[in-house]
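# Structural overview for review
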Amino acid sequence: MKYTQLGRTGLKVSRLVLGTMNFGPQTDEPTSHGIMDAALDAGLNFVDTANVYGWGENKGRTEEIIGTWFAGGGGRREKTVLATKVYGSMSREGETWPNEDRLSALNIRRAVEASLKRLQTDHIDVYQFHHIDRRTPFEEIWQAVDVLIQQGKILYAGSSNFPGYKIAQANETAARRGMVGLVSEQCLYNLAERRAEMEVIPAAQEYGLGVIPWSPLHGGLLGGVIKKEVEGGRRASGRSADALANSTVRAQVQAYEDLLDKHGLEPGEAALAWLLTRPGVTGPIVGPRTAEQLESALRALELELSEEVLAGLDEIFPGPGPSPEAFAW
């Protein structure tokens, strides 16, 4: 396993992040535990989740699955850098009640306590804001975070789905309070979706945040979806199906798969390896539903893309260019 520092912190994390969103909704508890065991055996020490994972009537279920895995002992918790998130409503359908979502000091306090209980641990290593809260000032958010850090319930704070200007606003406010501020940003970033390069990633680099891309295969679009259709009759679904309905996107994906086939590369592994070459990226989140998918993701760590392949990928999926030159001069 390869490791790096999380942004400007002294925290050392693996260059792949184990995403757990499928644990519960698509992957049962024994299989989820098997995947986590295999990941830890491979040296993957960074695990990401969120309080709302499990979804619907099962919100919190994913954290519970991780908690029972920790409870199994064997140094699992001690070896794991644990990240979870707060923002989404934890109310059950038909039971909506005020202050059970967003980033008020009250909800942050309640959400941390509930996550700790489900996760069966006494602290969260990286506590992430799942979305910006347009109603709560950062002064209030950082006051709540400062209390939790002093109590030893969280160690670091991170963001997810923040625009660049909110990263700046958050960390400037934290600096005025003498706090470390955000240390990571979890954003949508992959070959097919590179808009984060304009503002989000430059802001993260400027303020010393590690970038953690989610959906590195863009909902399966970059995982060899056309080849799978042709060879196995398995049709795309969800985000990838919607994207392929666009003839321009389909042509891009076909060119992408043809390029990688020419070089004997697996599309999913190449897409992950490309992210690992990008400036500022700590490691992409991989969300395996099976042990085989985890094994494929781990192979990407050893994959070195040639300059010819990197140039070809840039030609097929060009980035937006630097800001402000991408839209001005």
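Position numbers for residues start from 1 in each chain and track the written sequence from start to end. Confidence filtering applies because this is a predicted model: local features only for residues at pLDDT of at least 70, side-chain atom pairs given and counted only at 80 or more, and all residues used for totals across whole chains, interfaces and linings. Hydrogens and water molecules were not included; the side-chain quantities draw on all heavy atoms of the structure.

### Some points on the layout of surface pockets
Roughly 1,400 Å³ of internal volume is contained in the largest pocket. Looking at the largest pocket, it is lined by 46 residues, and the ones nearest its centre are Leu217, Gly219, Gly220, Gly287 and Arg289. A run of H or I in DSSP becomes a helix once it reaches four residues, and a run of E becomes a strand once it reaches two; helices and strands are each numbered from the N terminus. Those elements giving two or more residues to the lining of the largest pocket turn out to be helix 8 (225–232), helix 9 (238–244), helix 11 (267–276), strand 10 (285–286) and helix 12 (291–299). Here a cavity is any set of points on a 1 Å grid over the protein atoms alone where a 1.4 Å probe fits but cannot get out, and a pocket is any open set with protein on both sides within 12 Å along at least 5 of 7 lines; a residue lines the site when it has an atom within 4 Å of a point. Grid points are joined across faces, edges and corners, and a volume is the space filled by probe spheres set on the points. Of the pockets and cavities examined, the second largest pocket occupies roughly 200 Å³. Note on residue classes: Ala, Val, Leu, Ile, Met, Phe, Trp, Tyr, Cys and Pro are nonpolar, Asp, Glu, Lys and Arg are charged, and everything else, Gly too, is polar. Residue composition of the lining of the second largest pocket, grouped by class: three nonpolar, four polar and five charged.

### Quick word on the nonpolar core
Buried residues of nine kinds, namely Ala, Val, Leu, Ile, Met, Phe, Trp, Tyr and Cys, make up a nonpolar core once their side-chain atoms join them within 4.5 Å. Exposure categories follow from relative accessible area, calculated using a 1.4 Å probe and restricted to protein chains: below 20% of the type maximum is buried, above 50% is exposed, and the middle band is partly exposed. By size, the foremost hydrophobic cluster in this structure holds 75 residues, and its most contacted members are Phe129, Trp142, Tyr256, Leu305 and Leu313. The element that contributes the greatest number of residues to this core is helix 11, accounting for seven residues. Setting aside residues no more than four positions away along its own chain, Trp142 makes contact with Phe129, Ala157, Ala170, Asn171, Thr173, Ala174, Arg177, Met179, Gly181 and Leu182. Ranked by size, the runner-up nonpolar core spans eleven residues in total, among them Leu6, Leu11, Val17 and Ala83. By definition, residues are in contact when any of their heavy atoms lie within 4.5 Å.

### Some thoughts on the side chain of Arg194
Position of Arg194 among the secondary structure elements: in the loop between strand 8 (182–188) and helix 7 (200–206). A polar side-chain atom of Arg194 sits 2.9 Å from a polar atom in the side chain of Glu197. Discounting residues that sit within four places of it in the chain, Arg194 has contacts with Tyr189, Trp274, Arg278, Asp314, Phe317, Pro318, Gly319 and Pro320. Each polar contact in these results corresponds to two N or O atoms within 3.5 Å; when the atoms are within protein, one needs to be able to donate a hydrogen and the other to accept it, and residues that are neighboring in sequence are counted only if both atoms are side-chain atoms.

### Some points on the environment of Gln169
Mapped onto the elements, Gln169 comes out in helix 6 (residues 164–176). Taking the C-alpha atoms as reference points, Gln169 and Ala291, 122 residues apart in sequence, are found 40 Å from one another. Polar side-chain contacts of Gln169 include one of 2.8 Å to the side chain of Lys166.

### Concerning unusual backbone geometry
Of note, the amide linkage connecting Ser323 to Pro324 takes the cis form, showing an omega dihedral of 5°. Of note, Pro324 is situated in the segment after helix 13 (307–316). One non-glycine residue, Ser215, lies in positive phi territory at about 55°. Structurally, the position occupied by Ser215 is in the loop between strand 9 (210–214) and helix 8.

### A word on helix 8
Listed in full, the buried residues belonging to helix 8 are Val225, Ile226 and Glu229. All buried residues of helix 8 lie within an arc of 105° about the axis, which places them on one face of the element. Within helix 8, the exposed residues directed more than 90 degrees away from the buried face are Glu231 and Gly232. Looking at the buried side of helix 8, the elements it contacts are helix 9 and helix 10 (247–262). Working definition: the arc comes from the directions between the helix axis and the C-beta atoms, pointing outward to the latter.

### Description of the packing of aromatic side chains
Here is the rule: rings of Phe, Tyr and Trp (six-membered ring for Trp) pair when centre to centre is within 6.5 Å. Planes less than 30 degrees apart are stacked, more than 60 are edge-to-face, and the remainder are tilted. Summed over all chains, the structure comprises six aromatic pairs. On the numbers, 5.5 Å between centres and 45° between planes, the contact of Trp69 with Phe70 is tilted. Between Phe138 and Phe162, the ring centres sit 6.4 Å apart and the planes meet at 55°, which makes this aromatic pair tilted. In this pair, Phe138 is assigned in helix 5 (residues 138–150) and Phe162 in the loop between strand 7 (154–160) and helix 6, connecting sequence segments 24 residues apart. Classification of Phe162 as buried rests on a relative accessible area of 3%. Note on criteria: charge over ring means Lys NZ or Arg CZ within 6 Å of the ring centre, with the direction from the centre no more than 35 degrees off the ring normal. Seen from the ring of Phe70, Arg77 lies directly overhead, with NZ or CZ sitting 5.3 Å from the centre.

### A few points about the pairing of strand 7
The two faces of a sheet get side chains in turn, since along a regular strand they alternate between them. Across the seven residues of strand 7, five count as buried, placing the element largely inside the fold. As paired strands, strand 6 (residues 124–129) and strand 7 are joined by five bridges and run parallel to one another. When the sheet's bridge partners are listed, Gln128 is paired in strand 7 with Gly158. Classification remark: right-handed applies to a crossover when, strands pointing away from the viewer, the course from the first strand over the helix to the second runs clockwise. Handedness of the crossover is the feature at issue here: the chain leaves strand 6, passes through helix 5, returns alongside strand 7, and the resulting connection is right-handed. Pairs of strands are assigned from DSSP output, requiring at least two bridges between the strands.

### Some points on the sheet that holds strand 10
One open sheet accounts for eight strands, arranged 9-8-7-6-5-4-3-10; its pairing is parallel. Here the strands that pair on one side only, and so sit at the sheet edges, are strand 9 and strand 10.

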